[in-house]
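# Per-entry structural report
The primary structure of each chain is shown beneath.
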Amino acid sequence: MKPAQKLIAGNWKMHGLRASVDELDAVIAKLPPGVDVSIHPPLTLLALFAERAGDAVIIGAQDVAPGAFGARTGDVSAAMLVDAGARAVIVGHSERRHYHCEACALIRTKAEAARAAGLLTILCVGESESERLAGEALAVIEAQLACALPRGPGPAIAVAYEPIWAVGTGVTPTMVEIAEVHAAIRRVVPVDTRILYGGSVKAANAAEILGVPNVDGALVGGASLVAAEFLAVIAAGARAAR
């Protein structure tokens, strides 16, 4: 059965120092009921945030290596993330695909490693601006899912639709465009999969986006760095689930 509660995930990307724990504390202090929340700080803050958050907020990583252990300088495995306190991880973000040349096959391997370790896995998909303008958005996303969705048993995943041209730009698709893509994703993912929207989500547009059919939450970037802004998005998620 599809989860009733929305999932609001905050991706801090390459932001945050130890003093940023104050923003986490501020979020925890005012969390509304009826919504799931995850925060994905940089790896340097993962253990600190996990200890501070306890069960109030899911603390997750922004990436994971596909292997368990080995001679892979700079990589961090799913087992290491769990040991540091992580309960979730993002895989396949467009910035990883672009800056680190990650292919779908690698992303699937990462997702499978994360699921095997019991981590809530948020798989990102999305089209470029040129693909959108060419009318190829749905075909691109369906191909990404066919290649990157993890195979085999494991905990439920979430899929985050992030149009690349909307990430960090302040531009969002129309609600009709979001509904079209989320409906297409819904047709090919397991029934218990939450489908999140990401791409310039903020307090001003969260309620409208979270009211779109098949939008089961949001993956929030810059707006998750400031507690007051992130809490407004979380509150919109709590209201939309009622």
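Our subject in this report is the structure included herewith.

Reading the values: the criteria
Residues numbered from 1 in each chain as written. Predicted model: local features only at pLDDT ≥ 70, side-chain atom pairs only at ≥ 80, totals over all residues. Heavy atoms only, no water. Helix = DSSP H or I, 4+ residues; strand = E, 2+ residues; numbered from the N terminus. Expected span 1.5 Å × (residues − 1). Buried < 20%, exposed > 50% of the residue type's maximum accessible area, 1.4 Å probe, protein only. Contact = heavy atoms within 4.5 Å. Salt bridge = Lys/Arg side-chain N within 4 Å of Asp/Glu carboxyl O. Pairing = 2+ DSSP bridges. Axes fitted to C-alpha atoms, helices over the stretch in contact; angles between N-to-C directions. Phe/Tyr/Trp six-rings, centres within 6.5 Å; stacked < 30°, edge-to-face > 60°. Polar contact = N/O pair within 3.5 Å; in protein donor to acceptor, adjacent residues only side chain to side chain.

### Side note on helix α10 (residues 227-240)
Between its first and last C-alpha atoms α10 spans 20 Å; for 14 residues at 1.5 Å apiece the expected length is 20 Å, and the two agree. Listing the buried residues of α10 in full gives A227, F230, L231, V233, I234, A236, G237 and A238. Those residues of α10 hidden inside the fold are in contact with β1 (6-11), α1 (21-29), β2 (35-40), α9 (203-210) and β8 (217-220).

### Remarks on the pattern of salt bridges
For the coordinates displayed, the defined rule picks out eleven salt bridges. Note that D36 is salt-bridged to R194, the shortest N-O span being 2.8 Å. With D36 in strand β2 and R194 in strand β7 (residues 194-198), this residue pair connects regions lying 158 residues apart in the sequence. Since its relative accessible area comes to 13%, R194 is described here as buried. Between R96 and D63 there is a salt bridge; the shortest N-O distance is 3.1 Å.

### Some thoughts on the sheet that holds β1
Strand order in the closed barrel formed by eight strands is β1-β2-β3-β4-β5-β6-β7-β8, with parallel pairing between adjacent strands. Strand-to-strand twist in this sheet, taken as the mean axis angle between neighbours without regard to direction, amounts to 25°. Relative to β7, strand β6 (residues 157-161) runs parallel, the two being bridged by four bridges. Counterpart to Y161 in the pairing with β7 is Y197. With respect to the sheet, α10 is in contact with β1, β2 and β8, its orientation differing from that of β1 by roughly 165°.

### Some words on the packing of aromatic side chains
The full count for this structure, using the stated rule, is two aromatic pairs. Ring centres of W12 and F49 lie 5.3 Å apart, and the angle between their planes is 85°; this geometry places the pair in the edge-to-face category. Of this pair, W12 sits in the loop between β1 and α1 while F49 is found in helix α2 (residues 46-53), placing the two residues 37 residues apart along the sequence.

### Structural notes on the environment of S200
Turning to its location among the elements, S200 is positioned in the loop between β7 and α9. You can call S200 buried: its relative accessible area is 17%. Taking the C-alpha atoms as reference points, S200 and W165, separated by 35 residues in sequence, lie 9.8 Å from one another. Leaving out residues up to four positions away in the same chain, S200 has contacts with A166, G168, T169, G170, V171, T172 and N205. A polar contact is formed between the side chain of S200 and the backbone oxygen of A166, at a distance of 2.6 Å.

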